[in-house]
Amino acid sequence: MEVLIFNNETAASEYAAQEFSKRIQHKATTVLGLATGSTPLKMYRELSLLHQSEGLDFSKVNTFNLDEYIGLSGDHPCSYKHFMNENFFNHINISESNVHLPDGMTKDVPKTCQEYEEAIKKVGGIDIQVLGIGSDGHIGFNEPTSSLSSRTRIKTLTKKTCEDNARFFNSIDEVPRHCITMGIATIMEARRIVLLAFGEAKAPAVSKMVEGPLSAMVPASILQMHPNVVVVLDRSAASKLSHHDYYYRVATNKPNWQRL
Ligand code: PGA
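Residues numbered from 1 in each chain as written. Predicted model: local features only at pLDDT ≥ 70, side-chain atom pairs only at ≥ 80, totals over all residues. Heavy atoms only, no water.

A. Quick peek at the packing of aromatic side chains. According to the stated counting rule, one finds 9 aromatic pairs in the structure shown. With a centroid separation of 4.6 Å and 15° between ring planes, the pair formed by Tyr44 and Phe88 is classed as stacked. Of this pair, Tyr44 sits in helix 2 (residues 41-54) while Phe88 is found in the loop between helix 3 (80-87) and strand 5 (99-100), placing the two residues 44 residues apart along the sequence. Judged on exposure class, the residue Tyr44 and its partner Phe88 are both buried. Ring plane angle 75° and centroid distance 5.7 Å describe the contact between Phe64 and Tyr116, whose orientation is recorded as edge-to-face. With a gap of 52 residues between them, Phe64 in strand 3 (residues 62-65) and Tyr116 in helix 4 (residues 109-122) connect regions that are remote in the sequence. Chaining the aromatic ring pairs together yields one cluster made of Tyr44, Phe58, Phe88 and Phe89. (Phe/Tyr/Trp six-rings, centres within 6.5 Å; stacked < 30°, edge-to-face > 60°. Helix = DSSP H or I, 4+ residues; strand = E, 2+ residues; numbered from the N terminus. Buried < 20%, exposed > 50% of the residue type's maximum accessible area, 1.4 Å probe, protein only.)

B. Here's a closer look at the site of the ligand. Surveying the vicinity of the ligand reveals the residues Gly37, Ser38, Thr39, Gly132, Ile133, Gly134, His138, Arg167 and Lys202. One of the backbone nitrogen or oxygen atoms of Ser38 is found 2.9 Å away from an oxygen atom of the ligand. Here an oxygen atom of the ligand sits 2.5 Å away from a polar atom, N or O, in the side chain of Lys202. In isolation the ligand exposes 280 Å². Once the protein is present, 83% of that is buried. For the ligand, the cavity whose grid points lie within 2 Å of the majority of its atoms is the largest pocket. Looking at side-chain class alone, the shell around the ligand contains 1 nonpolar, 6 polar and 2 charged residues. (Near = heavy atom within 4 Å. Polar contact = N/O pair within 3.5 Å; in protein donor to acceptor, adjacent residues only side chain to side chain. Areas by Shrake-Rupley, 256 points an atom, 1.4 Å probe, with all protein chains shown as cover. 1 Å grid on protein atoms, 1.4 Å probe; cavity = no way out; pocket = protein on both sides within 12 Å on 5 of 7 lines; lining within 4 Å. Sits in = over half its atoms within 2 Å of the grid points. Nonpolar A, V, L, I, M, F, W, Y, C, P; charged D, E, K, R; others polar.)

C. Structural view of the side chain of Thr112. Topologically, Thr112 is positioned in helix 4. Here Thr112 is in contact with Asp103, Thr106 and Ile180, once residues within four sequence places are set aside. (Contact = heavy atoms within 4.5 Å.)

D. Structural context of unusual backbone geometry. Look at Thr145: it is not a glycine, yet its phi comes out positive at around 80°. Judged by relative accessible area, which is 57%, Thr145 ranks as exposed.

E. Looking closely at the sheet that holds strand 7 (residues 153-156). Spatially, 3 strands are ordered 4-8-7 in an open sheet, and the strand pairing comes out antiparallel. Pairing within the sheet leaves two strands with one partner each, and these edge strands are strand 4 (67-69) and strand 7. For this sheet the average axis-to-axis angle between neighbouring strands, irrespective of direction, equals 30°. Here 4 bridges tie strand 7 to strand 8 (residues 178-181), and the two strands are oriented antiparallel to one another. Opposite Thr156, over in strand 8, you have His178 as the bridge partner. (Pairing = 2+ DSSP bridges. Axes fitted to C-alpha atoms, helices over the stretch in contact; angles between N-to-C directions.)

F. Geometry of the layout of surface pockets. Approximately 500 Å³ is the volume attributed to the largest pocket. As for the largest pocket, its lining consists of 25 residues, of which Gly37, Thr39, Ile133, Asn165 and Lys202 are closest to the centre. The greatest single-element share of the lining of the largest pocket, amounting to 4 residues, is contributed by helix 5 (residues 159-165). The residue inventory of the lining of the largest pocket, partitioned by class, reads 8 nonpolar, 11 polar and 6 charged. (Points joined across faces, edges and corners; volume = space filled by probe spheres on them.)

G. Here's a closer look at the packing of helix 1 (residues 9-26) against helix 2. Contact pair helix 1 / helix 2: the axes reach a minimum separation of 8 Å and the direction vectors enclose 55°. Classed by the angle they form, the pair helix 1 and helix 2 counts as oblique. By crossing handedness, the relation of helix 1 to helix 2 is classed as right-handed. Facing Glu9, Thr10, Ser13, Glu14, Ala16, Ala17, Gln18, Phe20 and Ser21 of helix 1, the residues of helix 2 in contact are Lys42, Met43, Glu46, Leu47 and Leu50. (Parallel < 35°, antiparallel > 145°, perpendicular 65-115°, else oblique. Left-handed = near helix turned anticlockwise from the far one by under 90°.)

Written out as structure tokens, the structure is:
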């Protein structure tokens with residue numbers, strides 16, 4: 001697991017955007033795994049700017065979002081579909097038919113989940129996946145105790161996640177209790193994973209994910225088993241890591257061929 005610590009969220013987000021941009025320039029049909037929440041916002045803004053100023057071309061790109069709330073339609077202001085449109089898709093030249101999010105209004109959840117898995121496979125799998133991390137160590141909406149070999153399915157959100165996400169709603173009572181989320185095994189099949197975490201509130205979860213034991217109680221710790229992950233942090237999110245010196249040493253001594 002590579003750990004990169006930046007001075008601030010802006011520098012970290014620009015780095016992550018460069019990772020995505022380079023992949024898309026290298027392969028026009030790149031399949032992106034995308035996340036919602038506050039964490040990837042600056043990265044999406046940077047990628048939108050790269051589209052507008054340098055013509056970064058999303059016309060052949062496919063995207064798959066990690067999750068969606070059950071019971072919210074795509075035009076609901078708190079749905080993840082709406083979030084993605086507002087914060088990313090409306091600012092780039094992505095084709096609507098290449099955008100995928102689980103359907104939160106489905107009448108048949110298992111079928112929708114199965115079809116989501118099949119749709120990912122049909123385009124050849126996810127090339128690069130961005131992840132945030134919950135303060136409870138979740139990735140996607142795979143809450144603590146999620147099966148580490150889970151696939152796309154329904155999950156019940158923890159009280160803590162509902163509290164964390166209540167800021168997007170008028171009140172906590174409006175936060176849906178259920179979601180459809182890619183499973184942990186689904187996420188682990190992405191060829192490259194870029195996990196972003198910013199701010200002090202994420203420091204305990206980041207420390208458990210990177211330096212703690214592998215455990216379903218910290219779903220993000222499964223990333224220790226992934227061969228191609230970079231953890232991109234600001235100083236605050238990195239503040240509880242104990243091997244700082246080594247992470248800096250790796251970053252400073254990287255051979256040129258390993259750099260972006
Ligand atoms: P956040 O959420 O980006 O809003 O902090 C991350 C997550 O819950 O995975």
